[in-house]
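# Reading the structure
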Amino acid sequence: MKVPNHIAIILDGNGRWAKAKGMPRGYGHVKGCANLESICDDIKDLGVKYLTVYAFSTENWKRSREEVEGLMKLFRSYLKKCIRSAEKNKMRVKVIGDITAFDSDIQEKIRYLEDFSKDYKELFFQIALNYGSRDEIVRGVRRLAQDAVDGRLKPEDIDEKVFESYLDTAGIPDPDLLIRTSGEQRLSNYLLWQLAYTEFYFTDVAWPDFHKPDLIKAIEKYNERDRRYGGVKEE
Ligand code: IPE
Ligand code: IPE
Ligand code: MG
């Protein structure tokens, strides 16, 4: 089985999973968060080099105050636990998204984790927090425009490579496989530029129930795809 170099996952369905068990949505987030820790281990075992997960979108602030507060509490504890996971898996962790919207202690935890893990090279783990692809593109374009105004960049020198270097994912190869759990078949503003040629895999399994066998199944499906895009497909 050929494993994709980069897997992106939209971790969805925590709320519905909890509801089906007669539990509050926050319980689903706690279980979903625990599952994220074990998926990192599985990804590493399978030999995948890059993992990028969607954990909180720019739209998710619209949820109830109680749910958002619960998620912030969970991020605080997860960012701490992730230090050990980074050490164990020799994994570099990067947060993509606009982190300035978070309380300063969360921003500090993010910076600490990124700095602590910056030299690890076994696995490259990106967590999308307060991430929205349109927001990422607009933030990048703003910096790019400023560089042009300041004379560091000529408009005629802007190409896809230059543009990419202004995205939060600069230096990270595009995902080969995108997985979205829990039935929804949309991108919800995730990695719009980066997913241009990515294979999509949708499953009804809710995120807290998505384990290693499900991951293997997704990779097997990916292996069945014909990835000779652009050119001529022959028998
Ligand atoms: C994904 O689960 C986690 C976050 C978006 C934080 P959801 O909270 O979206 O769960 P559903 O989709 O409502 O079931
Ligand atoms: C996408 O899930 C964002 C994350 C998984 C963090 P949502 O549940 O927020 O997306 P929609 O609302 O179904 O589009
Ligand atoms: Mg959802």
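For the structure itself, look to the data block above.
First things first, this report covers the structure right here in the doc.

Cut-off values and rules
- Residues numbered from 1 in each chain as written.
- Chains lettered and ligands numbered in written order.
- Predicted model: local features only at pLDDT ≥ 70, side-chain atom pairs only at ≥ 80, totals over all residues.
- Heavy atoms only, no water.
- Salt bridge = Lys/Arg side-chain N within 4 Å of Asp/Glu carboxyl O.
- Buried < 20%, exposed > 50% of the residue type's maximum accessible area, 1.4 Å probe, protein only.
- Helix = DSSP H or I, 4+ residues; strand = E, 2+ residues; numbered from the N terminus.
- Pairing = 2+ DSSP bridges.
- Near = heavy atom within 4 Å.
- Polar contact = N/O pair within 3.5 Å; in protein donor to acceptor, adjacent residues only side chain to side chain.
- Areas by Shrake-Rupley, 256 points an atom, 1.4 Å probe, with all protein chains shown as cover.
- Nonpolar A, V, L, I, M, F, W, Y, C, P; charged D, E, K, R; others polar.
- Patch = residues over 30% accessible without salt bridge, like charges linked within 9 Å, V, L, I, M, F, W, Y side chains within 5 Å.
- Lys, Arg positive; Asp, Glu negative; His and termini not counted.
- Charge placed at Lys NZ, Arg CZ, Asp CG, Glu CD.
- Expected span 1.5 Å × (residues − 1).
- Axes fitted to C-alpha atoms, helices over the stretch in contact; angles between N-to-C directions.
- Parallel < 35°, antiparallel > 145°, perpendicular 65-115°, else oblique.
- Left-handed = near helix turned anticlockwise from the far one by under 90°.
- Contact = heavy atoms within 4.5 Å.
- Disulfide = S-S within 2.5 Å.

## Some remarks on the pattern of salt bridges
This model, assessed by the stated rule, comprises 23 salt bridges. Taking the shortest distance from any N to any O, the salt bridge between Asp12 and Arg16 comes out at 3.3 Å. A salt bridge links Arg152 to Asp147; its shortest N-O distance comes to 2.6 Å. What makes Asp147 buried here is its relative accessible area of 16%.

## With respect to the pairing of strand S2 (residues 50-57)
Taken across its 8 residues, S2 has 7 buried, putting it largely inside the fold. Note: strand S1 (residues 6-10) against S2, 5 bridges, orientation parallel. Bridge assignment links Ile9 to a residue of S2, and that residue is Val53.

## Overview of the site of ligand 2
Around ligand 2, the neighbouring residues are Ile10, Leu11, Asp12, Tyr54, Ala55, Phe56, Ser57, Asn60, Arg63, Arg180, Arg186 and Ser188. At 2.9 Å from an oxygen atom of ligand 2 is found a side-chain nitrogen or oxygen belonging to Asn60. One of the side-chain nitrogen or oxygen atoms of Arg63 is found 3.2 Å away from an oxygen atom of ligand 2. Coverage of ligand 2 by the protein amounts to 79% of the 390 Å² it exposes when considered alone. If you tally residues by element for the shell around ligand 2, the top one is S2, at 4 residues. Grouping the amino acids of the shell around ligand 2 by side-chain chemistry returns 5 nonpolar, 3 polar and 4 charged.

## Brief notes about a negative patch on the surface
Taken together, the side chains of Glu156, Asp157, Asp159 and Glu160 define an acidic patch exposed on the protein surface. Here Asp157 lies in the loop between helix H5 (133-149) and helix H6 (160-164). The class for Asp157 is partly exposed, based on a relative accessible area of 41%.

## A look at helix H2 (residues 25-46)
With 22 residues, H2 extends 31 Å from end C-alpha to end C-alpha; this agrees with the ideal 32 Å at 1.5 Å per step. Residues of H2 that are buried: Gly28, His29, Gly32, Cys33, Asn35, Leu36, Ile39, Cys40, Asp42, Ile43 and Leu46. Just beyond H2, the residue with positive phi is Gly47, at close to 90 degrees.

## Comments concerning the packing of H2 against helix H7 (residues 212-224)
Their axes nearest at 10 Å, the elements H2 and H7 cross at an angle of 45 degrees. Classified by the angle their axes make, H2 and H7 are oblique. Here H2 runs over H7; the crossing is right-handed. Contact with H2, carried on its side by Ile39, Asp42, Ile43, Asp45 and Leu46, involves Lys212, Leu215, Ile216 and Ile219 of H7 and no other residues of that element. When its residues are assigned to classes, the contact of H2 with H7 shows 6 nonpolar, no polar and 3 charged.

## A few points about unusual backbone geometry
One non-glycine residue with positive phi stands out, namely Lys90, at about 50 degrees. In this structure, Lys90 sits in the loop between helix H3 (65-89) and strand S3 (91-96).

## Observations concerning the state of the cysteines
Across all of its chains, the model carries 0 disulfides by this definition. Free cysteine: Cys33, not disulfide-bonded; nearest cysteine sulfur from Cys82 at 9.1 Å. Cys33 gets classed as buried once you look at its relative accessible area, which sits at 13%. Summary of cysteine pairing: Cys40 is not part of a disulfide, and the nearest cysteine sulfur, belonging to Cys82, is at 6.3 Å. The exposure class of Cys40 is buried, given its relative accessible area of 0%.

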